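These are the residues of each chain, in order.
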Amino acid sequence: MTNTAKTLLVVGRQETGKTHYGVQLLGRLRQRSGKLSVRENPESIAIFEEGLRVLSQGMPADHTPTTSYDSVRFPLQFQHGQTIDLVWPDYGGEQISNLVEQRRLPTAWQQRVLESSGWLLFIRLEHNIEYPDAQSRPATLDSQQVEPQITNFQWSANAFYTELLQILLYAKSTGTLSRVKNPSLVILLSCWDEIKLENESTKPFELLSQRMPLFAEFIKSNWVQHNVAVFGLSSTGKALSKKTPDYDYIPEDEGYVVLPDGSKSSDLTLPLSELIEQAI
Amino acid sequence: MAQGCKHSNCWPEDTGCNIEGEADYRQCKYWQSSGDGKDESVSNQTADQILPWHGNSLGTTDLFFVAGRSQPLVIGVVGAQSAGKTTFLSSLYLSLNKTPQLTTGSFAGSYTLGGWENIAHYLRWDGNRYPGFPPHTTSEQSRIPGLLHVAFRNPKGQLRDILFTDAPGEWFSRWAVDKHDPTAKGADWVDHFASGFLFFVDSEAFAGNQRGIARSDLQNLLHQLSATVRNRPVAVIWAKSDVAIAEAIRRRLQTDFQSTLKNYKEFAVFAAPKDTMAENRGEGVSDSVEWVLESVETVRNAAIRIPPVLDSDAFLAYRGREL
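Remember, predicted model here, so these are calculated numbers, not experimental data.

Moving on to the packing of aromatic side chains. Applying the stated rule across the entire model yields 23 aromatic pairs over all chains. Pairing A:Tyr170 with B:Phe65 gives two aromatic rings, centres 6.2 Å apart and planes at 75°, and the pair type is edge-to-face. You can see A:Tyr170 sitting in helix H5 (residues 157-171) and its partner B:Phe65 sitting in helix H2 (residues 63-67), one on each of two chains. According to the relative accessible area criterion, B:Phe65 is partly exposed, its value standing at 26%. Consider the rings of B:Trp53 and B:Phe65, whose centres lie 5.3 Å apart with planes at 5°: the pair is stacked. Of this pair, B:Trp53 sits in the loop between strand S3 (49-50) and H2 while B:Phe65 sits in helix H2, placing them 12 residues apart in sequence. One aromatic cluster in this structure is built from A:Tyr170, B:Trp53, B:Phe65 and B:Tyr111. Between A:Arg112 and the ring centre of A:Trp109, over which it is positioned, the NZ or CZ distance is 4.9 Å. Directly above the aromatic system of B:Trp238 lies the positively charged group of B:Arg250, at a separation of 4.7 Å from the ring centroid.

Quick look at helix H5 (residues 169-177) of chain B now. Residues and elements named next belong to chain B. When we look at burial in H5, the residues that qualify are Gly-169, Trp-171, Phe-172, Trp-175 and Ala-176. Buried residues of H5, seen end-on, are gathered within an arc of 150° and therefore sit on one face of the element. Among the structural elements, strand S4 (73-78), helix H3 (85-98), helix H6 (185-193) and helix H8 (211-229) are those in contact with the buried residues of H5.

Our next topic: the packing of H5(B) against H8(B). All names here are of chain B. Look at H5 against H8: their axes get within 8 Å of each other, and the N-to-C directions meet at 70°. For the element pair H5 / H8, the angle class is roughly perpendicular. Contacts between H5 and H8 pair Phe-172, Trp-175, Ala-176 and Val-177 from the former with Asn-220, Leu-221, Gln-224 and Leu-225 from the latter. For the contact of H5 with H8, a count of residues per class yields 6 nonpolar, 2 polar and no charged.

Reading the values: rules and limits
- Residues numbered from 1 in each chain as written.
- Chains lettered and ligands numbered in written order.
- Predicted model: local features only at pLDDT ≥ 70, side-chain atom pairs only at ≥ 80, totals over all residues.
- Heavy atoms only, no water.
- Phe/Tyr/Trp six-rings, centres within 6.5 Å; stacked < 30°, edge-to-face > 60°.
- Helix = DSSP H or I, 4+ residues; strand = E, 2+ residues; numbered from the N terminus.
- Buried < 20%, exposed > 50% of the residue type's maximum accessible area, 1.4 Å probe, protein only.
- Lys NZ or Arg CZ within 6 Å of the ring centre and 35° of its normal.
- Arc of directions from axis to C-beta.
- Contact = heavy atoms within 4.5 Å.
- Axes fitted to C-alpha atoms, helices over the stretch in contact; angles between N-to-C directions.
- Parallel < 35°, antiparallel > 145°, perpendicular 65-115°, else oblique.
- Nonpolar A, V, L, I, M, F, W, Y, C, P; charged D, E, K, R; others polar.

These figures capture arrangement, not role.
Set out below in structure tokens:
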């Protein structure tokens, strides 16, 4: 039986947890206990070889080289029997930062965006650049004392991610005059375990709205409600350290996702199955 | 020989091939290479697609990209230099960053995020720095006057593109005394294309020693604007309203507004008052913008006035069959 392969665009800056999720996803898919599983063993899992080894030793995976882009083909099936092949990539996240900063779409990325039917966007909130501003803090000093020479600054996370999606939509030749259906979008708020929540039952979209209001509104305004979902993700369940490996760490038993309704599940394949179902 | 596009309104190196739409602008028939082989050395980059917007504030040709999808509404930001125009715009962006909804719609993107970030940065707290007013904008500076874009999706689901003009006050000061001053063409552009205005009154100037001059300048500008404003809405912004001004002057100015503008409303804004936690600091900002946008829609959607029926002529009297 032949399966047309679905290509998902996996979008994440450096250190947003793409590799960890890929490695953990492979583990879960091979266990065949989640909503999605592999029909047969993928022919090559070379791109995750190193990641699998270090994670099993209770250590975090290394940074994926900036310029590399490789992928693995997962032959998948849903619990209810439907089958699909999925091309899952791993790459250095600087390529994503460069899209926005250099304002050029390399040919390879043009192709990837055009072929993709669903986008999986990783955002690590704790690594976001946020500036407190004059409107939310009292100005106790006279304005005359200000040095206005701030030239080299980075865009706030709100602006960065909004621009990133605008660029990707442009590359996909998708306008926003009417709301977007294709591509579907799943946002993963990664490293959920490092976020200090005031309320444990906070839904991922609520958290996104609190922390990145402008970007969250951009998503809400421009996507058809059924074609976008926000999940929380902790691929490894806790922070791992190179210096103090946790030798008793069993990757398959760790990690969870926070579903859009705020509940937790250890089935790491759920965001992916959601995206595939939306995108089909 | 300088390299570039032979067309005067195409900048392929910044925003891609505008005329022929070539993926590689060096293949365009209008492309003129320098002839010294320099551009060939970077040819491995040419397969990269160049984005048609650069993210900074837009020039009048860059506008084509935004205007291609809908007719954008231009909001003219008018006022003398250092009246608080740029501070207002950065406050608007920062308040949208926190509350991205206006009564007229919710944030749906912007093709000038870089431009917004640039001006907003000066009102931000960065470590030990304190918020300051944006640097003075003049016609000579490298920060180029331009249009700041923001899209809103209204409750009906329709997308509205809005452009705020970010122009130096000198333009308006020149334009106030001579509509055809060649150094103030931009002000005339704003007057021509704007659907609504934010008109700035610098409270600080009216509290200082130069208040007589400030009033005379403001009146010149007001009268120049009123000559062409017709029914377009004008939000009068009392900027830096934390600075107290004499009541007599305030009343005099208010009488001026009443006698010259048909469709206007006053708003008070201040950017960074001392010693106050200001929850409401951005309020006048979004209120005034909401009012202008709503008023523009009202003016645009006003019922068409049908001339009185002429019953002497059957042809002209015909108003269609009643349903």
